[in-house]
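Spelled out from the first residue to the last, the chains are:
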Amino acid sequence: MLRLLQIEFIKLWNNRASKVLIISYFVLLTSIALIAAIKFDIGPVQFHLADQGIFNFPYIWHFNTFVTALFKLFLAIVIVSMMSNEYSNKTIKQNLIDGLSKKEFILSKVLTVISFALISTVFVFAVSMILGLVYSDYNEVSIIFSDMEFLPAFFFKLVGFFSFCLFLGILVKRSAFALGFLILWTILEQVAFGLLGWKVMSWESAKAVKRFFPLESMSNLIKEPFTRLSAVQNIGQQIGEDMKFDYHVYWYEFLVVIVWTAIFIYLSYALLKKRDL
Amino acid sequence: METILNVSHLTKKFGYLTAVKDLSFTIEKGNVYGILGPNGSGKSTTLGIILNVVNRTSGDFSWFDGTTSTHDALKKVGAIIERPNFYPYMNAIQNLRLVCKIKNVPETKIQEKLELVGLWDRRNSKFKTYSLGMKQRMAIASALLNDPEILILDEPTNGLDPQGIHQIREIIKKIASQGTTILLASHLLDEVEKVCSHVIILRKGENLYSGPVDSMLASHGFFELRATQMEQLQELLKKNASFGKIENFNGTITAYLKEEMDAESLNKMLFDKGIVLSHLVKRKESLEEQFLTLTKNQ
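Residues numbered from 1 in each chain as written. Chains lettered and ligands numbered in written order. Predicted model: local features only at pLDDT ≥ 70, side-chain atom pairs only at ≥ 80, totals over all residues.

Caption draft 1: Quick peek at the UniProt feature "transmembrane region" (unreviewed entry) in chain A. Residue and element names in this part refer to chain A. Those places that UniProt annotates as "transmembrane region" (unreviewed entry) correspond, in this numbering, to residues 20-40, 60-83, 110-134, 154-172, 179-198 and 250-272. The span residues 154-172 is 100% helical and 0% strand by assignment, and the distance between its end C-alpha atoms comes to 27 Å. Strand forms 0% of residues 179-198 and helix 100%; the C-alpha atoms that close the span are 29 Å apart. (UniProt positions renumbered as here; feature names shortened; annotations may be inferred. Helix = DSSP H or I, 4+ residues; strand = E, 2+ residues; numbered from the N terminus.)

Caption draft 2: Seen up close, the sheet that holds strand β10 (residues 222-227) of chain B. Residues and elements named next belong to chain B. Read from one edge to the other, the open sheet built from 4 strands follows the order β11-β12-β10-β13, with strand pairing classed as antiparallel. Only two strands of the sheet have a single neighbouring strand rather than two, namely β11 (243-249) and β13 (277-283). For this sheet, the mean inter-axis angle between neighbouring strands, taken without regard to orientation, is 20 degrees. Relative to the sheet, helix α9 (residues 263-272) contacts β10 and β13, its axis offset from that of β13 by approximately 150 degrees. (Pairing = 2+ DSSP bridges. Axes fitted to C-alpha atoms, helices over the stretch in contact; angles between N-to-C directions. Contact = placed C-beta atoms within 7 Å.)

Caption draft 3: Layout of the domain arrangement of chain B. Residue and element names in this part refer to chain B. Assigned domains within chain B: domain 1 (3-212) and domain 2 (222-297). A separation of 40 Å is found between the C-alpha centroids of domain 1 and domain 2. Every contact between the two is made by 9 residues of domain 1 and, on the other side, 6 residues of domain 2. It is helix α7 (residues 189-195) that contributes the most residues to the side of domain 1 that touches domain 2, 4 residues altogether. The class makeup of the residues in the side of domain 1 that touches domain 2 is 6 nonpolar, no polar and 3 charged. (Domains from an automatic or database assignment. Nonpolar A, V, L, I, M, F, W, Y, C, P; charged D, E, K, R; others polar.)

Caption draft 4: Geometry of the packing of helix α1 (residues 2-13) of chain A against helix α3 (residues 92-103) of chain B. It is the contact of α1(A) with α3(B), at a shortest axis distance of 10 Å, that shows an interaxial angle of 165 degrees. Comparing their axes, α3(B) and α1(A) come out roughly antiparallel. Every pair of crossing elements has a handedness; the one defined by α1(A) and α3(B) is left-handed. Along its contact with α1(A), which presents A:Arg3, A:Gln6, A:Ile7, A:Ile10 and A:Lys11, the element α3(B) presents B:Gln94, B:Arg97, B:Leu98, B:Lys101 and B:Ile102. For the contact of α1(A) with α3(B), the per-class residue count stands at 4 nonpolar, 2 polar and 4 charged. (Parallel < 35°, antiparallel > 145°, perpendicular 65-115°, else oblique. Left-handed = near helix turned anticlockwise from the far one by under 90°.)

Caption draft 5: View of the interface of chain A and chain B. Tallying the contact residues gives 22 residues for chain A and 24 residues for chain B. Only α1 and α5 (91-97) of chain A provide two or more residues apiece to the side of chain A that touches chain B. With 6 residues, the top contributor of residues to the side of chain A that touches chain B is α5(A). Class assignment for the residues of the side of chain A that touches chain B results in 6 nonpolar, 9 polar and 7 charged.

Caption draft 6: Broad picture of the environment of B:Lys268. Residue and element names in this part refer to chain B. Counting through the fold element by element, Lys268 comes out in helix α9. Judged by C-beta crowding, with 11 C-beta atoms within 10 Å, Lys268 ranks as exposed. Taking the C-alpha atoms as reference points, Lys268 and Leu153, 115 residues apart in sequence, are found 47 Å from one another. (Buried ≥ 20, exposed ≤ 12 C-beta atoms within 10 Å, placed from the backbone.)

Caption draft 7: Summary view of unusual backbone geometry. Residue and element names in this part refer to chain A. Following Phe57, the chain continues into Pro58 via a peptide bond in cis, with omega recorded as -10 degrees. Within the secondary structure, Pro58 is located in the loop between β2 (45-48) and α3 (59-69). Even without a glycine there, the phi angle at Lys173 is positive, about 70 degrees. Residue placement: Lys173 occurs in the loop between α8 (150-172) and α9 (175-200). With 17 C-beta atoms counted inside 10 Å, the residue Lys173 sits in the partly exposed group.

Below you can see the structure in the form of structure tokens.
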């Protein structure tokens, strides 16, 4: 297993573009701390974002995992190209001839994806913990470690998304087209949802079905955290809007994402096995 | 003799096209094999199948004693298919280190192999800056990293200039002299003739011949003759039962033997009849001529 990771590491780390993207990704993950520095000082209106409670435990777990997940696109580019470059450089052929089995080839990519997700999760955990300890209004241990399900949710969300990228890389074989396909797929899910609700069934059941779409199920793992902020809640109450959403992560939502991950990895393997190179 | 590769009844279909048809052959240790065939005769497809990158339609093949899985067996094989494929953004050392990881061998041989192919001085240049000849030599270095039991080369001199072709051939000869089994696919017959002891001849995916180069045709060779009395010479040869076809081309008579005869006795016989030769050569058909005869007969 270590050998497979080392193989992938050599391939990624010696590629300047990948290296730059990976480093920027982790720099961006850390830079979420900079939100703390956002301060408006306009005469009587003093606004310090860090004081608005976004860094309060346990809310910070939700907020940080949601925001940092937006940066995953950087790694998506790396992952799609690490897969499709093997085709455009024909190095996949050479790898197999040199004695890597097709299973090992896929496994080395999957392990890389899992490592990326794992390191990201650890990063987010560390950054949130530090930010929380500095800015949170509540510092009781029981509060700090509550609502931790957002971290595994973050991990599975990334693994799922990256597996989809891997699959697209193998399917399309060209990184630019694969990324285009990724965007197209995002739109297609929304179009499918629209069509279902408009023509086929009620909007309620369309919403239920939508949760089973691959990308939608992944984004559904961590719901938007902004309406949970007390400031936003206050505004909501003033304009008479009831803002009671369900923010929790449920086990079946995990299950849907894990099933999609398994499907994408299996399809990648099946595709590689079936194709003549 | 130790068997390295056994291929039996291998068939590959691409849709309605049959690229390889019921192909069987065996590779023994220590020989240098050539796979011959015109373009599109299934050479690369066959190599692709035994190297695990092309799926077979039917038939079977087994490496070594048949107990190891194909991808493990490939760790003991060195192969170059068509074009050298490496990561363009990595230098020679980085690329070879990756190959060592895949083949699960220590990185100690990198220097030795790069020196063998004359690339040690350029070891820190990126692969994409190499010329085609250098890329091909780099591929050979990579294939040799694990000191393979068999080296498989598919058109190794394709697209190279004469100098590059010469370099590659010298390297191949050097490797062959060290006792490594080699399987060389090519459509360049003189190339195969120069280095191979055995040949497998393919046409449209079918095996026409496999065996030693020498016994490819039951032929006794031919004489090339020149003399001042050309017409008498030709008459005389036509009457002799030892000769079959006789051709006169550009003032040189080519007489094909039907039975064994050495140059000395022919010379003596003709001299006794009053014909003095100015040119006498006894030759066997070149591989090219044998190949053309063989493919024509079918």
